[in-house]
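Here is how the chains run, residue by residue.
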Amino acid sequence: MSRRRSSSHQAITPTWAPPPEAVQIWEDYSKEERTDEFTIQKSFIRHATKTLARSSINMDAFAAYESVAYSVRDHLIDRWNATQQCHTRKDPKRVYYMSLEFLIGRTLDNALLNLGLKENYKRAIGGVGFNLEELIDEETDAALGNGGLGRLAACFMDSLATLDYPAWGYGIRYEYGIFQQRIMDGYQTEYPDYWLTFGNPWEIQRLDVSYDVRFRGYVDKYTDDQGCPRYRWEGGEKVAAVAYDYPIPGFGTKNCINIRLWSSQPKKEFDFASFNEGNYDKSVEDQKSAQNITSVLYPNDNHMVGKMLRLKQQYFFVSATLQDIIRRFRKTQRPWSEFPEQVSIQLNDTHPTLSIVELQRVLIDEIGLEWDEAWNIVTRTYSYTNHTVLPEALEKWAVPLISDLLPRHMMIIFEINLYFLQSVEKRYPGDRERLRRMSIIEEGHPQYVRMAHLAAMGSHHVNGVAELHSELVRTTILHDFVEFFGAEKFVNVTNGVTPRRWLHQANPGLSSLIAKTLGSTDFLKDLSLLTGITAHAENPQFQQAFMQIKYQNKLRLAEYIKEVVGVTVDPEALFDVQCKRLHEYKRQHMNIFGVIHRYEKLKKMSVDELKHVVPRVVIFAGKAAPGYYTAKTIIKLINNVANVINNDAQISPFLKLIFIPNYSVSVAEILIPASDISQHISTAGTEASGTSNMKFVLNGGLILGTVDGANIEIGEEVGDDNIFFFGALTKEVEDARHKQMYYQSEMNPNLQAVVNSIRAGKYGEPAIFDGLLGTLRTDYYLLSKDFDSYLHAMEKVDAAFKDKKGWAKKCILAVGRMGKFSSDRSIQDYARTIWRAKPVPAVQDEGAVTAK
């Protein structure tokens with residue numbers, strides 16, 4: 001019997017089951033296809049002709065990429081269904097990783113490598129007339145993230161799949177990503193990132209998994225059958241959250257898990273009455289309003305409309321996700337008291353924090369639990385990862401904004417805060433200053449909700465992402481909460497990166513050399529095995545092979561720079577890279593000031609002196625937030641300085657400056673393996689961890705950096721001889737800022753000379769840079785204090801690079817000592833310390849089931 005889709009937009013529970021005589025047929029035809037050359041070619045042509053309606057006479061490279069992608073996706077779906085069947089049968093505790101970003105990058109190459117099918121597909125696709133590597137380049141990066149937060153989430157999903165944990169990722173299916181960056185006259189210009197223009201063969205649209213999400217409305221108070229006061233949230237406007245699933249295969253396992261992304265759709269797509277009246281814009285008004293919610297990652301919130309859209313986006317995400325988690329839990333028919341034993345929800349930063357309030361609302365308003373029972377369930381379910389100690393980066397929402405958009409949630413937040421502060425008052429009677437500091441509500445006009453405080457109250461564990469960062473969380477922003485809850489609630493889990501993406505895929509030459517040297521690829525699942533190559537650090541043949549791979553990677557990057565930027569660079573030069581989102585605390589401006597200093601120093605050298613200079617190519621990449629004027633000015637300065645240096649015939653053989661536009665995962669996979677030095681130069685105490693530093697060292701590039709974030713732990717592992725530290729220590733920062741603020745320390749002479757040159761117009765109209773240079777008056781990020789130390793570290797890099805054998809040894813030792821920084825280790829730390837979850841290996845012959 002046919003069945004129409006429910007108009008209430010709730011997930012549909014299957015009611016059909018195959019008759020007994022058909023079960024074997026389903027099992028026989030649900031098995032994963034073979035992976036021999038003939039079967040792959042048959043699958044490729046089937047998708048080309050049947051899925052895409054192409055033929056041999058009208059195929060092109062992009063259609064061939066899509067056909068390969070659909071063929072590979074068939075294998076992912078088979079494994080995914082088997083994995084879900086296994087999890088459904090065994091009913092383990094599941095991990096739900098909630099992140100507003102998943103910076104996945106390209107999927108085809110990664111999927112083939114994780115499935116162990118790349119060579120099979122290379123031969124098979126070659127047999128039908130296409131080059132697989134060329135087809136891999138046809139794929140567009142998935143625009144589902146911006147920076148380190150999203151890339152960390154993607155690495156974690158790869159590790160969760162590889163380690164066989166029963167896990168789901170949850171996020172938003174952004175239609176346009178954050179933005180496409182183009183450089184116009186040296187300025188960053190933002191354009192929509194139309195990554196979905198030609199569809200996405202990796203996603204599976206789940207029209208049968210859809211939930212209503214409410215905004216605004218009113219709260220109705222009533223008395224239940226037991227005479228207790230209750231509340232109902234009613235009225236307002238609704239949109240539908242439609243699921244799109246993105247399979248994530250594990251490496252060396254049959255396990256395949258999933259990221260579920262939500263797309264916002266209108267409840268009523270078309271107002272026929274308005275259309276008939278000639279009001280065509282109004283007839284699709286609801287559709288546009290709903291779809292705006294998931295159009296863009298981080299809409300500009302420099303205005304109220306942008307703030308409202310961001311808050312809508314966050315609640316839409318958490319509401320749909322919780323409805324899906326609860327539906328899955330209810331299928332087990334367990335009592336609500338067992339919810340935390342079956343469900344572990346990890347909040348990746350504060351963006352999903354409203355989920356805590358939403359679960360409390362559902363439990364007390366819809367399920368009918370008492371407040372204390374519900375709050376006990378909530379606080380045993382959630383854990384929170386903090387990613388920043390910067391005061392300006394800690395998320396806050398205005399109370400009037402939340403009250404307007406989510407009236408019931410604002411009531412619950414006030415109640416959570418009241419009950420919590422009453423318990424604080426009992427513990428510390430009369431300490432009103434402590435109450436003010438610990439309150440979720442920041443008093444003012446208007447009041448604000450401190451999301452980090454709410455996340456800390458509603459979670460059973462709070463973790464930082466590097467040893468220093470976790471210590472700063474405990475001693476600064478959440479110090480009062482540590483005293484109240486106890487230190488055991490606040491833990492460290494140092495970040496990591498997946499070696500499958502960031503070594504095996506990004507640097508196949510180095511991965512092959514390591515595998516040949518160690519005798520297997522086991523290091524890709526146990527990165528600690530890398531230590532085996534350290535025994536070869538002084539072996540001339542190994543050094544030569546290692547540095548030849550580095551040269552080939554530099555040559556590939558040089559070709560990319562020529563193609564994209566139009567500048568020729570010498571792969572024999574030292575490649576000095578800083579690629580990350582633009583922010584003052586990351587101090588890209590110190591880097592460009594250092595480049596100006598180097599350039600002007602070179603200009604003063606004689607011809608004989610220049611012969612002894614180490615040629616250097618300085619490479620920047622990264623995006624600035626559209627509303628972040630200072631960061632965008634840094635990009636303008638970089639490009640202006642590049643225009644001067646690269647056109648100076650005398651100096652350009654010794655110094656080149658490059659800004660690579662539209663930085664992405666696929667660009668990083670070209671850039672990172674080619675670096676000799678990478679800069680991670682945040683002011684001490686400001687970078688939570690960083691993961692690009694790990695990727696660079698894993699690929700044989702050394703770090704020039706401050707004693708901050710994960711740099712510290714990398715330094716401890718690789719050794720002081722194989723990292724170039726400089727700058728003030730965290731314990732010195734506050735005193736230095738105080739001195740600068742109140743005693744106006746004189747600017748460092750070398751930095752002052754750079755400022756003078758910019759103000760003199762040597763690098764373009766000086767008025768453009770007034771705002772940027774004005775930040776040096778208070779110098780909150782301590783450029784002046786660290787500048788000489790920075791320049792001295794640069795000199796040490798130059799001296800070390802001249803010793804080719806010594807440099808090769810440093811790089812090999814650094815790679816071999818990076819075993820700690822696998823995201824597999826991070827996930828195992830989370831599972832053991834925070835989630836209390838165990839692996840559940842999927843069995844491939846489980847049979848098929850649709851993953852709901």
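Residues numbered from 1 in each chain as written. Predicted model: local features only at pLDDT ≥ 70, side-chain atom pairs only at ≥ 80, totals over all residues. Heavy atoms only, no water.

Enquirer: Got a sec to walk through the pairing of strand S7 (residues 229-234)? Specific residues and values, please.
Expert: Of the strand pairs in this sheet, strand S6 (residues 218-223) and S7 are connected by six bridges, and their pairing is antiparallel. Bridging from a neighbouring strand, Thr223 pairs with Pro229 of S7. The antiparallel pairing of S6 with S7 creates a hairpin that spans five residues between the two strands, and Gly227 there sits at a positive phi of about 80°. (Pairing = 2+ DSSP bridges. Helix = DSSP H or I, 4+ residues; strand = E, 2+ residues; numbered from the N terminus.)

Enquirer: Any chance you could break down the confidence of the model for the protein for me, citing the residues and the numbers?
Expert: For the protein, mean pLDDT is 94; residues scoring 70 or higher make up 95% of the total. Under a pLDDT of 50 for its full length, residues 1-8 has, in the predicted model, ten contacts with residues more than four places off or in other chains. Across residues 845-852 the pLDDT falls below 50, and counting only partners more than four positions away or on other chains, this stretch makes 28 contacts in the model. (pLDDT = per-residue confidence, 0-100. Contact = heavy atoms within 4.5 Å.)

Enquirer: I'd like to hear about the sheet that holds strand S21 (residues 702-706), residue by residue, with values.
Expert: Strand order in the open sheet formed by six strands is S19-S18-S17-S20-S21-S22, and the pairing between neighbours is parallel. Each edge of the open sheet carries a strand with a single partner, namely strand S19 (655-660) and strand S22 (724-726). Neighbouring strand axes in the sheet, compared pairwise and without regard to direction, differ in orientation by 20° on average. Bridge count between strand S18 (residues 616-621) and S19: six bridges; the pairing is parallel. If you follow Ile619 over to S19, its bridge partner there is Ile658. Lying on the sheet, helix H33 (residues 783-802) is in contact with strand S17 (574-579), S18, strand S20 (677-680), S21 and S22; it crosses S22 at an angle near 165°. (Axes fitted to C-alpha atoms, helices over the stretch in contact; angles between N-to-C directions.)

Enquirer: I'd like to hear about helix H29 (residues 711-718), residue by residue, with values.
Expert: Restricting attention to buried positions, one finds in H29 the residues Asn711, Glu713, Ile714, Gly715 and Val718. Elements in contact with the buried residues of H29: helix H19 (467-475), S20, helix H28 (692-698), S21, S22 and helix H34 (804-816). The first or second residue beyond H29 is Gly719, which carries a positive phi of 100°. (Buried < 20%, exposed > 50% of the residue type's maximum accessible area, 1.4 Å probe, protein only.)

Enquirer: For H34, give the residues involved together with the corresponding values.
Expert: Here H34 is 13 residues long and its end C-alpha atoms lie 18 Å apart, about the 18 Å a rise of 1.5 Å per residue gives. Counting buried residues along H34, ten of its 13 residues qualify, which places the element largely inside the surrounding structure. For H34, the set of buried residues is Gly806, Trp807, Ala808, Lys810, Cys811, Ile812, Leu813, Ala814, Val815 and Gly816. (Expected span 1.5 Å × (residues − 1).)

Enquirer: Please provide a residue-by-residue account of the pattern of salt bridges, values included.
Expert: Applying the stated criterion to the full structure yields 60 salt bridges. The shortest N-O distance in the salt bridge between Arg230 and Asp224 comes to 3.1 Å. Taken individually, Arg230 and Asp224 each receive the classification buried, so the pair is uniform in this respect. (Salt bridge = Lys/Arg side-chain N within 4 Å of Asp/Glu carboxyl O.)

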